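Here is how the chains run, residue by residue.
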Amino acid sequence: MEVIAEVDQWQSELESVFARVADRFARADLRRRMRDYVRGLLAPIERKNGWQLAEWAGHRDPAGLQHLLNGARWDADAVRDDVRDYVAERLGPGGVLIIDDTGFIKKGTTSAGVGRQYTGTSGKIDNCQIGVFAAYATGSGRALVDRELYLPKSWTSDRDRCRAAKIPDEREFATKGELARDIVRRCLAAGLPAAWVTADEAYGQDWHFRRLLEQRGVGYVVAVPKSQQIKSLAGMWRIDQLIEEAPSDAWQRLSCGNGAKGPRVYDWAAAKLPANLVFDPDPPTHHRWVMARRSLSDPGETAYYLAYVPVGIEIADLARIAGSRWAIEECFQAAKNECGLDEYEVRRYTGWYRHITLAMLAHAFLAALAAQADGGARGAAETDQPSPRSPWQKSGACWTLSCRTPGPTRTDVFMP
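Being a predicted model, the structure only gives us computed values, none of them experimental. Along each chain, residue indices are assigned from 1 in the same order as the chain's sequence is written. At least 70 in pLDDT is required for a residue's local features to be given in this predicted model, at least 80 for side-chain atom pairs to be given and counted, and no such filter applies to totals for whole chains, interfaces and linings, which use all residues. To obtain the side-chain values, all non-hydrogen atoms of the structure were included, while hydrogens and water were left out.

Draft legend 1. Representation of the overall build of the protein chain within the structure. Under the scheme used here, helices are H or I runs from DSSP no shorter than 4 residues and strands are E runs no shorter than 2 residues, and both carry numbers assigned from the N terminus. Looking only at helices and strands, the protein chain has 14 helices and 14 strands in total. Relative accessibility under 20% of the residue-type maximum defines a buried residue, over 50% an exposed one, and the middle range a partly exposed one, all with a 1.4 Å probe and only protein chains included. Expressed as a percentage of the 416 residues in the protein chain, the buried residues total 52%. The method behind every accessible area is Shrake-Rupley, applied with a 1.4 Å probe, and residues are considered shielded solely by the protein chains displayed. Carbon and sulfur atoms make up 48% of the accessible area of the protein chain, which totals about 19,400 Å².

Draft legend 2. Spatial organisation of the packing of helix α2 (residues 28-42) against helix α14 (residues 349-374). The angle between two axes is taken between their N-to-C directions and runs from 0 to 180 degrees, where each axis is a line fitted to C-alpha atoms and a helix contributes only its stretch in contact. Direction vectors running N to C along α2 and α14 enclose 60°, while the axes themselves pass 9 Å from each other. Classed by the angle they form, the pair α2 and α14 counts as oblique. Between α2 and α14 the crossing geometry is right-handed. Packed against α2, whose contacting residues are M34, Y37, V38, L41 and L42, the element α14 presents H355, L358, A359, L361, A362, F365 and L366 at the interface. Gly counts as polar in this scheme, as do all residues outside two lists: the nonpolar Ala, Val, Leu, Ile, Met, Phe, Trp, Tyr, Cys and Pro, and the charged Asp, Glu, Lys and Arg. Residue composition of the contact of α2 with α14, by class: eleven nonpolar, one polar and no charged. Here roughly perpendicular refers to angles of 65 to 115 degrees, roughly parallel to angles under 35, roughly antiparallel to angles over 145, and oblique to all remaining angles. Note on convention: near helix rotated counterclockwise from far helix by under a right angle means a left-handed crossing. Clockwise means right-handed. Between two residues, a contact is recorded if the distance between any of their heavy atoms is within 4.5 Å.

Draft legend 3. Summary view of helix α10 (residues 207-215). Looking at α10, one finds that the buried residues are F209, R210, R211, L212, L213 and E214. In protein, a polar contact requires one atom able to donate a hydrogen and another able to accept it; more generally it is a pair of N or O atoms within 3.5 Å, and residues adjacent in sequence count only if both atoms are side-chain atoms. Where α10 begins, the capping side chain belongs to D206, and its oxygen is found 3.0 Å from the backbone nitrogen of H208. One or two steps after α10, the chain reaches G217, where phi turns positive at roughly 70°.

Draft legend 4. Up close: the environment of R80. Tracing the chain through its elements places R80 in helix α5 (residues 76-91). Since its relative accessible area comes to 6%, R80 is described here as buried. Contact partners of R80, with chain neighbours within four places excluded, come to V145, D146, R147, R186 and T357.

Draft legend 5. Representation of helix α13 (residues 326-339) within the structure. An expected span of 1.5 Å times one less than the residue number is assigned to each helix. Under the 1.5 Å per step criterion, the end-to-end length of α13 is 19 Å for 14 residues, consistent within 8% with the ideal 20 Å. Count one or two residues on from α13 and you reach G340, which has phi positive near 65°.

Draft legend 6. Fine view of the environment of A334. Within the secondary structure layout, A334 lies in helix α13. A C-alpha to C-alpha distance of 7.6 Å links A334 and H363, two positions 29 residues apart in sequence. Apart from residues no more than four positions distant in its own chain, A334 is found in contact with C339 and H363.

Draft legend 7. The packing of α13 against α14, seen in detail. Viewed as axis vectors pointing N to C, α13 and α14 meet at an angle of 105°, and their least axial separation amounts to 10 Å. Taken together, the axis directions place α13 and α14 in an arrangement best described as roughly perpendicular. Here α13 contributes C331, A334, A335, E338 and C339 to the contact with α14, which in turn contributes A359, A362, H363 and L366. Classifying every residue of the contact of α13 with α14 by side-chain character gives seven nonpolar, one polar and one charged.

Draft legend 8. Quick peek at the nonpolar core. Within the largest apolar cluster, 128 residues are counted, with the highest numbers of intra-cluster contacts made by L97, I99, F133, L144, F209, W268 and L358. Counting residues per element, this core draws most heavily on α14, at 15 residues. Those residues in contact with L97, other than ones at most four positions away along the chain, are A134, A135, V145, V184, C187, L192, A194, W196, V197 and T198. Throughout, nonpolar core names a set of buried Ala, Val, Leu, Ile, Met, Phe, Trp, Tyr and Cys residues whose side chains join them through atoms within 4.5 Å.

Draft legend 9. Representation of the pattern of salt bridges in the model. By salt bridge we mean one thing: a side-chain nitrogen of Lys or Arg within 4 Å of a carboxyl oxygen of Asp or Glu. Inspection of the entire model under this criterion finds 27 salt bridges. Ionic pairing is found between D146 and R147, a salt bridge with its closest N-O pair at 4.0 Å. Each member of the pair, D146 as well as R147, carries the same accessibility label: buried. Through salt bridges with shared partners, a single network forms among D77, R80, D81, R84, D85, D146, R147, E148 and R186.

Functional significance is not addressed by these values, which are geometric in nature.
This is the structure we're talking about:
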């Protein structure tokens, strides 16, 4: 009986997902094909390409499903909005919006945006397409909520090549960082209830990305390279040199969340930067922090972060937000392994967005089921202060970066 109840719950939730997006497909035959396609992406098929999806759905050939992706009239961005709203509803408020990209290894030169470029998927320069994505994660689960296809300059500078791949004439070159900022603006404008944003150093080192979040009052904890420059009233340093000056008792052993083998524990050091008199209200509502994470097994392995967080947040909270970035890697793995995110055979620009969006819909459904199943269960002592020559100063229960000399009459713009 429990198995029957579970199957009934599965069917009921899937029907609710289809009902949510049904109006995006004006014709009944398109709605049927969409349902067949998504069901196929969720099915235990060895490879989720056109022929195998068509055979699983009982179609004579893949022409109908190919038409759904390449020729039919429907708006993939509208379905994307439905996916985002569905994820927010099922996973709840107060989560983390995570930005990252992933590669799709491809052969040939005709798939929109394909080229030889570095991808973390293979860990090397490969012939691939790159998609910039956002995931939303809460204690109840995580799911992909937005996507953009990165087009290298070798594509956007060749309009004939773009037209052959059905790339709109208005689509111009945009860096991955610019695509990420567009995604963040879209998610926040739509009311996605994210309390935080996190990203790896490819996006975290972009001052425009961080400033966008500050202007919208959204907290962030983002990775940055060790060469990141820190400028403030306290001085100017490379972030790795600044962390080297941290006193031993500034380091705390904290978990940044659970992994496959239990809590992921590291040593963490963090210090508040002085308020910026140009950007910040008086009194400030948020503080900027520098932070580092050090491996227990290899102390020479250190990651660096910048943060912008509400007043009163503690280091344990910063570590938790920094650790949540791995949720998007889990989304990529699950969406590729279980929903065919990377198994498409489309070459045109529109087809890429349509397949990726329907795969995100399938993955969001699985995330909602998991959230229902577990009910959302997933998910230093005072010492002497360091020498006055160090910028690291103890202030109450936390460390701050203090001026080496009497404060100037004005502040430089904070641009780490």
